Amino acid sequence: MSEAKRLHPVSVIFTTLQSLRQIIFGILPIAILAIGDGMFLYLSLGLVVILLLVIGFSVLTWMRYTYRVEEDQLRIEHGVFIRKKRTISKHRIQSIDLSQNIIHRVFGLTKVQIETAGSDHKIDAALHAVTMEEGKYLHDQLKYKKEAVTAESDNKEEKIHYPQRKVEVKELLIAGSTSASFGFIIGLVALGITELESFIPDSFYNQATSWVVNQAIEMLIFMALLFFILLWGLGILVTLIQYWNFTITRYEKELFITRGLLEKKQMTIPLKRIQAVGIKETILRQPLGFATVYVEIASGEVSKNADVKTLLFPLMRKKEINSFLEKILSEYVLPEDNFTPLPKRALPYYLFRAGVVPFIASIVVAFSAIDWIGIPLIATGLALILGYFQFKSTGYHLDGKQLVVQARLVNKDTTLLKHHRLQSFAVKAHFLHRYQQLASVDTAILSKLAGRHMIIKEMDAESASKLLEWYSYES
Amino acid sequence: MRKAPSERIATDAIKAWQVLAIIFTVIPLLAAIALYVLAYFFEFSYWFAIGVTAFTILEGVISILIIPKLRWRRWRYQIYDQEIYIQHGILIVTRTIVPMIRVQHVDTQQGPILKKYKLASLTISTAATTHEIPALLEEEASALRDQISELARVEQDDV
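Conventions we followed
- Residues numbered from 1 in each chain as written.
- Chains lettered and ligands numbered in written order.
- Predicted model: local features only at pLDDT ≥ 70, side-chain atom pairs only at ≥ 80, totals over all residues.
- Heavy atoms only, no water.
- UniProt positions renumbered as here; feature names shortened; annotations may be inferred.
- Helix = DSSP H or I, 4+ residues; strand = E, 2+ residues; numbered from the N terminus.
- Domains from an automatic or database assignment.
- Phe/Tyr/Trp six-rings, centres within 6.5 Å; stacked < 30°, edge-to-face > 60°.
- Buried < 20%, exposed > 50% of the residue type's maximum accessible area, 1.4 Å probe, protein only.
- Lys NZ or Arg CZ within 6 Å of the ring centre and 35° of its normal.
- Core = buried A, V, L, I, M, F, W, Y, C linked by side-chain atoms within 4.5 Å.
- Contact = heavy atoms within 4.5 Å.
- Pairing = 2+ DSSP bridges.
- Axes fitted to C-alpha atoms, helices over the stretch in contact; angles between N-to-C directions.
- Polar contact = N/O pair within 3.5 Å; in protein donor to acceptor, adjacent residues only side chain to side chain.
- Nonpolar A, V, L, I, M, F, W, Y, C, P; charged D, E, K, R; others polar.
- Parallel < 35°, antiparallel > 145°, perpendicular 65-115°, else oblique.
- Salt bridge = Lys/Arg side-chain N within 4 Å of Asp/Glu carboxyl O.
- Buried area = accessible area lost by both parts, 1.4 Å probe.

With respect to the UniProt feature "transmembrane region" (unreviewed entry) in chain B
Residues and elements named next belong to chain B.
No. 1: Those residues carrying the UniProt feature "transmembrane region" (unreviewed entry) are residues 20–41 and 47–67 in this numbering.
No. 2: Note that residues 20–41 is 100% helix and 0% strand, and that its end C-alpha atoms are spaced 33 Å apart.
No. 3: Secondary structure across residues 47–67 divides into 100% helix and 0% strand, with the first and last C-alpha atoms of the span separated by 28 Å.

Spelled out as structure tokens, the structure:
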């Protein structure tokens, strides 16, 4: 195919809506002022002119936007005043996503989003509206290699041939109700209701308590509670909508994901582009035995919502992950719980790092407002407990070409790394470390934000040099 | 434990770092002089000025006389066919391996101070990290740059 094509005319609507959204904030204050002054006629006239301009511009944009597939490249020409041409080589495409929002679905269209490895979002290409057929055709054309056939073309055969895993509604409900925001809320509410009273010093109470204030506080707590419950429900709803029918299919050289209730999204991840596999257990999900599986791929898009990582699966039982990986991504193996732990002498470092800030705060409070000493002391205690668990969670497992690093900041994160995906490897030790035979290991992989560092702090110096030896290409 | 890398960086690096340190010492020195002048005209205690002077002297001695030598002594590197091995750091000793197939590009750089001593720095970038060898002889730096880019020119199947 070499002739240039335009997007579907509906994309004019998208561009118009987008530009209107952008200028509305500029116009609004002027409009409000104008209404106040009784210049309603001029105002509506101005608005109509602006609307016409925007629509005209959108039509021009649409006219100028052409794309074509040429051998191994996608060529896009666009721009009204400044004309731009862009060529994206097929071999550099990290992933191709098809997504449909409600307008798309009414017209039977799809948005095609093409991600490359650059760190600049603008480098990526997005075709706002093409017909479903065209979208699938592009998807097949631009895929890294042409082996696999896309879904749905011969649905029945694929279901037999290619391993697949679909999310259950139960899993989604659990995912929604244990999402990060909810954990925060639970903590706040629990603290607020049961403990707050005992922390407020008597002197404060004596000064401030009167019947009215008491009533007001109770009312406030009730309102806050209601608000939190609402938020929680909303969180569950959002999760359900986002990950509805989440299905992952393994083809020979790529993973294919579909999801979404209102906005259907499809995503293709070429296996070659996967830099690492991660398993995240948030502090709420870990006791329940649930975890999230995600992959690191190098793509330019820095998503607005940190939650929308390149998920392989929104939530599943930790026990199940092994068989899931075996089925879907057998290149990576999650070891059973035999991680090499840190040596005991590393513990003080972890406790110190976690506890030092709240401890200093405690000292400050002790001198300035001794009545409130309870709060920073509790914080110090919690931080020390966290430090201890950080120490307990940290470990590594080496098996052939795969290194598995387990670490915890607050949530436990297990990362499966391949030798040839690591960009560099460093062993660090300061003078106390050297005296104690300890060393920190720092390795980096390519990720959404240019690079992600995996750091194991204070491991046994000998193991650290063994890891360095393992990484070396010379030995 | 793997042996430290074999090559040292240029000896003149010490001089270059010292020049840089002297330039940075001028700032607290000027502050100290200003304090003396102000104390004279506005008649407040000279102790502030004396404190800053003491600090300047201490900082100068450490950053000019001690740190550059220690830093030079620790800095080592070695270029293998398949990897670059670097060791540096005074308090925190870091040993880094950068595989050749991960190298994206190599730069040499030269500021005015390095130029005076006919030195240049070499920066090695992978897709996720950058690594610098701070002071090499000019010819050595450009030879290394070419050597690394030659060695790094292996078929890369992906990023």
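Focus on the UniProt feature "transmembrane region" (unreviewed entry) in chain A
No. 1: Per the UniProt entry, the sites bearing "transmembrane region" (unreviewed entry) are residues 12–35, 41–63, 172–193, 220–244, 350–367 and 373–391 of chain A in this numbering.
No. 2: Helix and strand shares over residues 373–391 of chain A are 95% and 0% respectively, and the end C-alpha atoms of the span are 27 Å apart.

Notes on the domain arrangement of chain A
No. 1: For chain A, the domain assignment lists domain 1 (5–142) and domain 2 (344–391).
No. 2: Taken over C-alpha atoms, the centre of domain 1 of chain A sits 52 Å from the centre of domain 2 of chain A.

Brief notes about the packing of aromatic side chains
No. 1: For the coordinates displayed, the defined rule picks out 13 aromatic pairs over all chains.
No. 2: Their ring planes at 65 degrees and their centres at 6.0 Å tell us that Tyr350 of chain A and Phe391 of chain A sit as a pair that is edge-to-face. Taken together, the residues span a long stretch of sequence, with Tyr350 of chain A in helix α12 (residues 347–368) and Phe391 of chain A in helix α13 (residues 374–393) at a distance of 41 residues. Phe391 of chain A shares its class with Tyr350 of chain A; the two are buried.
No. 3: Ring pairing ties together the aromatic residues Tyr243, Phe246, Phe313 and Phe324 of chain A, which thus form one cluster.
No. 4: Just above the ring of Trp62 of chain A sits the side chain of Arg6 of chain A; from NZ or CZ to the centre is 5.8 Å.
No. 5: Over the face of the ring belonging to Trp17 of chain B we find Arg71 of chain B, whose NZ or CZ atom lies 4.1 Å from the ring centre.

Digging into the nonpolar core
Residue and element names in this part refer to chain A.
No. 1: Formed by 34 residues in total, the largest nonpolar core has its most connected members in Ile248, Leu255, Ile269, Ile274, Val277, Leu312 and Leu329.
No. 2: Among the elements that line this core, the one with the most residues is strand β13 (residues 290–297), at five residues.
No. 3: Ignoring any residue separated from it by four or fewer positions in sequence, one finds Leu329 in contact with Arg250, Leu255, Leu271, Ile274, Val277, Leu312 and Phe324.

A few points about the sheet that holds strand β4 (residues 84–89) of chain A
Residues and elements named next belong to chain A.
No. 1: The four strands are arranged β1-β2-β3-β4 in an open sheet whose pairing can be described as antiparallel. The outermost strands of the open sheet, each flanked by one partner alone, are β1 (5–6) and β4.
No. 2: Where strand β2 (residues 66–70) lies against strand β3 (residues 73–78), five bridges are found, and the strand directions are antiparallel. The residue of β3 that forms the bridge with Val69 is Leu74.
No. 3: Helix α4 (residues 132–142) contacts β1, β2 and β3 of the sheet and is inclined by roughly 40 degrees relative to β2.

Comments concerning the interface of chain B and chain A
No. 1: Facing the 28 residues of chain B at the interface are 33 residues of chain A.
No. 2: Summed over the shared surface of chain B and chain A, the number is nine residue pairs in polar contact (both at pLDDT 80 or more).
No. 3: The set of elements that each furnish at least two residues to the side of chain B that touches chain A consists of β3 (83–88) and β4 (93–99) of chain B.
No. 4: Element by element, the count of residues in the side of chain B that touches chain A is highest for β4 of chain B, at seven residues.
No. 5: Partitioning the side of chain B that touches chain A into residue classes produces 14 nonpolar, six polar and eight charged.
No. 6: Two strands pair when backbone bridges link them, and strand β19 (residues 424–429) of chain A and β4 of chain B are joined in this way by five bridges, in the antiparallel orientation. When the sheet's bridge partners are listed, Ala429 of chain A is paired in β4 of chain B with Val93 of chain B.

Re the UniProt feature "domain: YdbS-like PH" (unreviewed entry) in chain B
No. 1: Mapped onto the present numbering, the UniProt feature "domain: YdbS-like PH" (unreviewed entry) falls at residues 72–148 of chain B.
No. 2: For residues 72–148 of chain B, the end-to-end C-alpha separation is 23 Å, with 25% helix and 52% strand making up the annotated structure.

Comments concerning the packing of helix α1 (residues 12–42) of chain B against helix α2 (residues 47–74) of chain B
Residues and elements named next belong to chain B.
No. 1: Axis separation between α1 and α2 bottoms out at 9 Å; the angle between their running directions is 175 degrees. In terms of orientation, α1 lies roughly antiparallel with respect to α2.
No. 2: Residue composition of the contact of α1 with α2, by class: 18 nonpolar, six polar and three charged.

So, the pattern of salt bridges
No. 1: Tallying each qualifying case throughout the model produces 18 salt bridges over all chains.
No. 2: Between Lys412 of chain A and Glu281 of chain A there is a salt bridge, with its nearest N and O atoms 4.0 Å apart. Here the residue Lys412 of chain A occupies a position in strand β18 (residues 412–418), and Glu281 of chain A occupies one in strand β12 (residues 274–281), the gap between them amounting to 131 residues.
No. 3: A salt bridge links Asp12 of chain B to Lys15 of chain B; the nearest nitrogen and oxygen atoms lie 3.4 Å apart. Within this pair, Asp12 of chain B and its partner Lys15 of chain B are both found in helix α1, separated by three residues, close to a single helical turn.
No. 4: With relative accessibility at 24%, the residue Asp12 of chain B sits in the partly exposed group.

Some thoughts on the domain arrangement of chain B
Residue and element names in this part refer to chain B.
No. 1: The domains assigned to chain B are domain 1 (7–72) and domain 2 (78–151).
No. 2: Here domain 1 and domain 2 have C-alpha centroids that lie 29 Å from each other.
No. 3: On the domain 2 side, the residues contacting the 13 residues of domain 1 number ten residues.
No. 4: Carbon and sulfur atoms make up 81% of the area that domain 1 and domain 2 hide from each other, which totals about 1,000 Å².
No. 5: When the area that domain 1 buries against domain 2 is broken down by residue, the three leading residues are Ile9, Ala10 and Ala16, summing to 36%.
No. 6: Linking domain 1 with domain 2 are zero salt bridges, by the criterion used here.
No. 7: Among the secondary structure elements, those contributing two or more residues to the side of domain 1 that touches domain 2 are α1 and α2.
No. 8: The greatest single-element share of the side of domain 1 that touches domain 2, amounting to eight residues, is contributed by α1.
No. 9: Across the side of domain 1 that touches domain 2, the residue classes break down as ten nonpolar, no polar and three charged.

A short note on the environment of Gln436 of chain A
All names here are of chain A.
No. 1: If you trace the backbone, Gln436 turns up in helix α14 (residues 431–436).
No. 2: Sequence separation between Gln436 and Asp460 is 24 residues, and the spatial gap between their C-alpha atoms is 9.0 Å.
No. 3: If we ignore the near neighbours within four places in the chain, the residues touching Gln436 are Arg345 and Tyr349.
No. 4: At 2.6 Å, the side chain of Gln436 and the side chain of Tyr349 are in polar contact.

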